[in-house]
Amino acid sequence: MDLKERGSFSSKFGVIAAAAGSAVGLGNIWRFPYVAGENGGGAFLLIYLLFIVAIGIPVMLSEFTIGRNAQRNAFGSFKKLAPNSKWSFVGLMGIVAAFLILAFYSTIAGWTLEYIVKAVQDGFSAGNTSEIFTTFSTSTFKPLLWQFVFMGLTAWIVFAGVQKGIERYTKILMPLLLVLILVIVVRSLTLDGASKGLKFLFAPDFSKITFGVVLEALGQAAFSLSIGMGALITYGSYIRKNNNLGKTAVQVASADTLIAILAGVMIFPAVFAFDPSLATEGPGLVFVVLPKLFLSMPGGYVFSILFFVLLAVAALTSTVSVLEVVVAYFSEELNMSRGKATIISSLAIWLFGILATLSFSDLSDVTIFGSTFFDIMNYSSANILLPLGALLIVAFLGWVIKKKLVHDELSNSGELKVKYFKVFYFIIRYLAPVAIAIVFVHDIYKVSVKDNSDDKSQNTEIVESKEAVEVVE
Ligand code: PFF
């Protein structure tokens, strides 16, 4: 692709909508509640928020800075800013992370499509939402079909290009999602016993904090903000030169965090009102709890359809940003046409993603170190590849790129005042790399210790998280 032809976002709101569209997705509504539930609730939330502010926003800003300055895809950006060095490897790592994330993300995104159909057919009215979920997720054909359809939708939007595709849809649908979540939150909060759910989510029990919980919080923060794999480098390259990058990063991260917390407030009161043991349910959490919630709501039929449609859209604006990383790389670095790059990469990801989808059915017995393919893709992308990517990205901007270039990019060549520059620069040079490294090293140590006492410690973790639920009861 001729670099002059690169698209760009046409307005400030368009930039925020697209970047927030990438950030807000299943990570907030599906992943955040169940990971928080499994890791003790309030204490997890606190560390998560700390990571968003101290590491997440600076990494997001670093990605925007790299992308807008280089005007290239994730791989090409490193190549341009540090020619003849090994840094473009970080871009390649991002492409691998994109493959892994889309492969399992599209499984869950496919589930949302089935749930739209079920909602329309009034398929939850029998009330046994756990059974409905298990029957569907453990079947073979339908989940695979929906995953395929979802990848097709993603490919279609990516193919339409940056402005016509990505920006047009996200601008309208993201605000709508927020409104709908607020309506559902009101219902959840008015259920009997809602306060226990709020206590679980907001009252931190510091005895629950372990390094495992800290790593999960870091991974969740990276996953939710879409940082660490170059999605925001790629989007940054479509941001115009007059945009205030610092402000954009803060706005996007705030929107993302707000929606994650609202998702928690939507789910946990309902969990505790219906059945507290659901708090540690895992990936099925929202699919089991929300239909129950809709059944208890006046107008629940309409709300359930709207909700799953918007959840699918939120997922779509995220999958689009992940696929865009791969497509921009193929088309700019390997000189493929955008169409060909889109078709080849989405088909390859879908094929690979079959492993994730079947992890709930035919391949549920196939495990590596006790984890299914789905678990491995989910865990290793969020908790290993993204934080590692984030570490390398900030280290690159802090230590390899000239300070003046960073300042010029953030201040739009002197037009804006960047009062936060000193703090930001300190974070990207020292705080973020060191903090991420500490969490990592400790976790690797823990894994090697755990290898020796494997099952025992896994059981303790489950018992611990079940206790976490009982304590609040
Ligand atoms: N941030 C998205 C979510 O919360 O659903 C998922 C995601 C998108 C992760 C893009 C990583 C990424 F690069």
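For the structure given in this document, a descriptive report is provided here. (Residues numbered from 1 in each chain as written. Predicted model: local features only at pLDDT ≥ 70, side-chain atom pairs only at ≥ 80, totals over all residues. Heavy atoms only, no water.)

A look at the overall build of the chain
(1) Moving on: Scanning the chain for helices and strands turns up 19 helices and zero strands.
(2) Moving on: The globule rule puts the C-alpha radius of gyration for 473 residues at 23 Å, and the 21 Å found for the chain is close to it.
(3) Moving on: The C-alpha extent of the chain, read off along each of the three principal axes, is 60 × 45 × 40 Å.
(4) Moving on: Counting all 473 residues of the chain, 58% fall into the buried class.
(5) Moving on: In the chain, the proportion of contacts linking residues at least 24 apart, taken out of those at least 6 apart, comes to 83%. (Helix = DSSP H or I, 4+ residues; strand = E, 2+ residues; numbered from the N terminus. Rg over C-alpha atoms; globule rule 2.2 N^0.38 Å. Buried < 20%, exposed > 50% of the residue type's maximum accessible area, 1.4 Å probe, protein only. Contact = heavy atoms within 4.5 Å.)

Describing the pattern of salt bridges
(1) Moving on: All chains considered together, the criterion is met by eight salt bridges.
(2) Moving on: Of the charged contacts, one joins Lys-208 and Asp-205 as a salt bridge, the two residues approaching to 3.2 Å between their closest N and O atoms.
(3) Moving on: A residue is classified by how much of its surface remains accessible, and Lys-208, at 19% relative accessible area, is buried.
(4) Moving on: The partly exposed category is assigned to Asp-205, whose relative accessible area is 26%.
(5) Moving on: Where Glu-409 meets Lys-241, a salt bridge forms, and the shortest distance between an N and an O atom there is 3.3 Å. Pair noted here: Glu-409 is in helix H17 (residues 403-410) and Lys-241 is in the loop between helix H11 (231-236) and helix H12 (245-274), with a separation of 168 residues, a long-range link. (Salt bridge = Lys/Arg side-chain N within 4 Å of Asp/Glu carboxyl O.)

Quick word on the site of the ligand
(1) Moving on: Surrounding the ligand, one finds 16 residues, the nearest of these being Ala-23, Gly-27, Tyr-105, Phe-223 and Met-229.
(2) Moving on: In this structure, an oxygen atom belonging to the ligand sits 2.8 Å away from a main-chain N or O atom of Ala-23.
(3) Moving on: With respect to the ligand, the backbone of Phe-223 contributes an N or O atom lying 2.8 Å from a nitrogen atom.
(4) Moving on: In the complex, the protein chains occlude 100% of the 340 Å² of accessible area that the ligand would expose alone.
(5) Moving on: Of all elements in the fold, only helix H1 (12-23), helix H2 (26-38), helix H5 (88-120), helix H10 (211-225) and helix H14 (300-333) reach the threshold of two or more residues within the shell around the ligand.
(6) Moving on: Of the residues contributing to the shell around the ligand, the split by class is eight nonpolar, eight polar and no charged. (Near = heavy atom within 4 Å. Polar contact = N/O pair within 3.5 Å; in protein donor to acceptor, adjacent residues only side chain to side chain. Areas by Shrake-Rupley, 256 points an atom, 1.4 Å probe, with all protein chains shown as cover. Nonpolar A, V, L, I, M, F, W, Y, C, P; charged D, E, K, R; others polar.)

Describing the side chain of Asn-243
(1) Moving on: Considering the arrangement of structural elements, one finds Asn-243 in the loop between H11 and H12.
(2) Moving on: Once you skip the residues sitting within four places of it in the chain, Asn-243 turns out to touch Lys-12, Val-15, Arg-68, Thr-248 and Asn-412.

Digging into the packing of aromatic side chains
(1) Moving on: Per the counting criterion, the structure on display carries 34 aromatic pairs.
(2) Moving on: Their ring planes at 85° and their centres at 5.5 Å tell us that Phe-104 and Phe-374 sit as a pair that is edge-to-face. Placement of the pair is Phe-104 in helix H5 and Phe-374 in helix H16 (residues 373-400), with a sequence separation of 270 residues.
(3) Moving on: Overall, Phe-104 belongs to the buried group, its relative accessible area being 0%.
(4) Moving on: Relative to Phe-374, the ring of Phe-360 has its centre 4.8 Å away and its plane inclined at 65°; by these criteria the two rings are edge-to-face. With Phe-360 in the loop between helix H15 (338-357) and H16 and Phe-374 in helix H16, this residue pair connects regions lying 14 residues apart in the sequence.
(5) Moving on: Here Phe-360 falls in the partly exposed class, since its relative accessible area comes to 21%. (Phe/Tyr/Trp six-rings, centres within 6.5 Å; stacked < 30°, edge-to-face > 60°.)

Limitation: the analysis is restricted to geometry and does not speak to function.
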